[in-house]
Amino acid sequence: MRALFARHALLPEGWRRDVVIEWDIHGDLTGVHPDSHPPLNVARADYVLPGMVNLHSHAFQRALGGLTERAGDGPDSFWTWRDLMYRFAASITPEQIEAIAAQLYVECLRHGYTSVCEFHYLQRAPGGQAYARVAETAERVAAGAHEAGMGLSLLPVLYSHAGFGAQPLKPGQERFRTGVDEVLGIVEALAPLRGGQFEAGAAPHSLRAAGIDQIRALAAGLPQARPLHIHIAEQQAEVEQCLAHTGRRPVAYLMDEIAVGARWCLVHATHLVESEVQSLAGSGAVAGLCPTTEANLGDGLFPLEPYLAAGGVFGVGSDSHVSQSPVEELRWLEYGQRLQHQRRNIAVGGAQREVGDFLWQAALRGGAQAAGRRVGALEAGRRADLLVLDGSHPNLDGVLDAEVLGRFLFCGNDNLVRDVLCGGRWVVQGGRHMAQDAIAQRYRQAVKQLREGSQ
Ligand code: NGQ
Ligand code: ZN
């Protein structure tokens, strides 16, 4: 039976009661009907939400999560972490990439993500030689998503330089090397995978790794409306280098030189001055915020309040995967602002006074836009991606509609996600993913090999 009866469901207009949700064999929602009678022989659920979009992931970094928390000799920074990450990336094989991606996506599904945007730059073999298949590693990531049952927007990365002024790549970056034609070739090679659960876009890695002419050519060469993502203004050092080379700050420079609109996602965009806040918000592009990674790497805090006031669109991503939970990303997005401004309840807007509802709905909107897939809402025509929360958990027992997301996002660490439907398939039931044991077994093997190889 491709239907569910929800006593409470979060629809685009807000919480509604007694909702019949129907989908078809392709995994698309065909009907969402509030104020209905429970149909016979249809499963019932207490609280149902649209699944969240994870708009920024480097899947392979999952295997490094938690292993870079030891102080080195000098002051540690984003840049010293990056050296460790490069060392880890140096030997990883396509099989290991697939095993790690599948494990990550299982974890993401279990915690409430039903879509991922994979910012994929490990394109070449160790040492930098090309694989026989141009999309070898990209296809491995896609296979991992398929095994886990995760919706995927795969973004092959343009990575040509080590820094501003077309600096030559360092040895640790040779695996990432691509030019515009190569990236477009990978996008082309992925075309047969396109469908309800899969889209391919592209991503210039950063203003450091791709020249502005290359970025322009990539944007022009990619089929219209496909998503384009870029890392930008994450660290102060990057802002300073950009100023030194172009006379402009990163976001201002990108917006001046490139027609940045709704197909763009500017990942991090942490360091903005007021005029950049306004131009980014006005462009219709998505700010891709990754609060747990940005905290872990010591980036800084995004100016959320003025950005929201200017009508800016945002979504969240888990980036380096120190967390696999949208609860943590949204909680820390709000908490960062509270700590900085010494106030409470900051992420609200218009008539929406519930922080949890505002955060979930806003991140869905921006995430869906950044994914370039028909996801992010319980309405006919979108993907059948939804979460059933555990209505018997003490945190949810008997709560009012308006309280559900407050409890989900801001109370405790139990995982309240009980069942997950992704693309019309029940991939998580009773907290367990359908393939979690086999996928975890392969992941453990991959990590063991990686550890033995690095000794
Ligand atoms: C990445 N990570 O591509 O994995 C980057 C580090 C860089 C984040 N930006 C590499 N969080 O920016 O050069
Ligand atoms: Zn990133």
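To keep things clear, this report deals only with the structure shown in the data block. A quick note: this is a predicted structure, and the numbers were derived from the prediction, not measured.

Turning to the packing of helix H11 (residues 326–341) against helix H12 (residues 355–371), a few remarks are in order. In contact at an axis separation of 11 Å, H11 and H12 are set at 120° when each is read in the N-to-C sense. Handedness of the H11/H12 crossing: right-handed. Residues Pro326, Leu330, Leu333, Glu334 and Arg338 of H11 form the contact with H12, whose participating residues are Val355, Leu359, Trp360 and Ala363. Of the residues in the contact of H11 with H12, the class split is seven nonpolar, no polar and two charged.

What follows concerns the site of ligand 1. For ligand 1, the set of nearby residues contains 15 residues, the closest of which are Arg82, Tyr121, His205, Arg208 and Glu234. Taking arginine 208, its side chain carries an N or O atom lying 2.8 Å from an oxygen atom of ligand 1. Taking aspartate 319, its side chain carries an N or O atom lying 3.1 Å from a nitrogen atom of ligand 1. Across the complex, the protein chains shield 100% of the 340 Å² of accessible surface that ligand 1 would expose by itself.

Moving on, we get to the nonpolar core. Counting residues in hydrophobic clusters, the biggest one holds 135 residues, and the most contacted among them are Tyr105, Leu207, Trp264, Leu266, Phe314, Trp360 and Phe408. Examining the composition of this core, we find that 10 residues originate from one element, H12, more than from any other. Leaving out residues up to four positions away in the same chain, phenylalanine 408 has contacts with Leu49, Val327, Arg331, Trp360, Leu389, Leu416 and Val417. With 16 residues, the next largest nonpolar core counts Trp23, Leu378, Ala384 and Val388 among its residues.

In this structure, His56 (NE2), His58 (NE2) and His231 (NE2) serve as the protein donors to the zinc ion (ligand 2), at separations of 2.0 to 2.2 Å. Read in sequence order, the donor residues for the zinc ion (ligand 2) give the motif H-x1-H-x172-H. In this pair, histidine 58 is assigned in the loop between strand S5 (52–57) and helix H1 (78–89) and histidine 231 in strand S10 (residues 228–232), connecting sequence segments 173 residues apart. Overall, histidine 231 belongs to the buried group, its relative accessible area being 6%.

We now examine the sheet that holds S10. The pairing of strands in a sheet happens through backbone hydrogen bonds and is either parallel or antiparallel. Spatially, the four strands line up as an open sheet ordered S10-S11-S12-S13, and their pairing is parallel. One side of each edge strand has no neighbouring strand; the edge strands of this open sheet are S10 and strand S13 (313–316). Taken pair by pair, the neighbouring strands of this sheet meet at an average axis angle of 30°, ignoring direction. In this sheet, strand S12 (residues 286–289) lies alongside strand S11 (residues 264–268) in parallel orientation, the contact comprising three bridges. Each residue of the ladder has a partner; that of valine 267, found in S12, is glycine 288. Here helix H7 (residues 250–257) sits on the sheet and contacts S10 and S11; the angle it forms with S10, its principal contact strand, is near 150°.

With the rule as written, the count across this model stands at 13 aromatic pairs. Geometrically, the ring pair formed by phenylalanine 60 and phenylalanine 88 is stacked, given 6.4 Å between the ring centres and 15° between the ring planes. Here phenylalanine 88 lies in helix H1 and phenylalanine 60 lies in the loop between S5 and H1, a separation of 28 residues in the sequence. Summarising the burial analysis for this pair, phenylalanine 60 and phenylalanine 88 share the class buried. Ring geometry for tyrosine 159 against phenylalanine 176: centres 5.1 Å apart, planes inclined by 65°, an arrangement best described as edge-to-face. In this pair, tyrosine 159 sits in the loop between strand S7 (151–158) and helix H4 (180–189) while phenylalanine 176 sits in the loop between S7 and H4, placing the two residues 17 residues apart along the sequence. Taken as a pair, tyrosine 159 and phenylalanine 176 share a single burial class, namely buried. Here a set of aromatic residues connected by ring pairs shows up, and it is made of Phe60, Tyr86, Phe88, Tyr121, Tyr159 and Phe176. In this arrangement the basic side chain of arginine 338 is found over the ring face of phenylalanine 410, its NZ or CZ atom lying 5.5 Å from the centre.

Calculation rules
Residues numbered from 1 in each chain as written. Chains lettered and ligands numbered in written order. Predicted model: local features only at pLDDT ≥ 70, side-chain atom pairs only at ≥ 80, totals over all residues. Heavy atoms only, no water. Axes fitted to C-alpha atoms, helices over the stretch in contact; angles between N-to-C directions. Helix = DSSP H or I, 4+ residues; strand = E, 2+ residues; numbered from the N terminus. Left-handed = near helix turned anticlockwise from the far one by under 90°. Contact = heavy atoms within 4.5 Å. Nonpolar A, V, L, I, M, F, W, Y, C, P; charged D, E, K, R; others polar. Near = heavy atom within 4 Å. Polar contact = N/O pair within 3.5 Å; in protein donor to acceptor, adjacent residues only side chain to side chain. Areas by Shrake-Rupley, 256 points an atom, 1.4 Å probe, with all protein chains shown as cover. Core = buried A, V, L, I, M, F, W, Y, C linked by side-chain atoms within 4.5 Å. Buried < 20%, exposed > 50% of the residue type's maximum accessible area, 1.4 Å probe, protein only. Donors = N, O, S within 2.8 Å, 3.2 Å for Na, K, Ca; no water. Pairing = 2+ DSSP bridges. Phe/Tyr/Trp six-rings, centres within 6.5 Å; stacked < 30°, edge-to-face > 60°. Lys NZ or Arg CZ within 6 Å of the ring centre and 35° of its normal.

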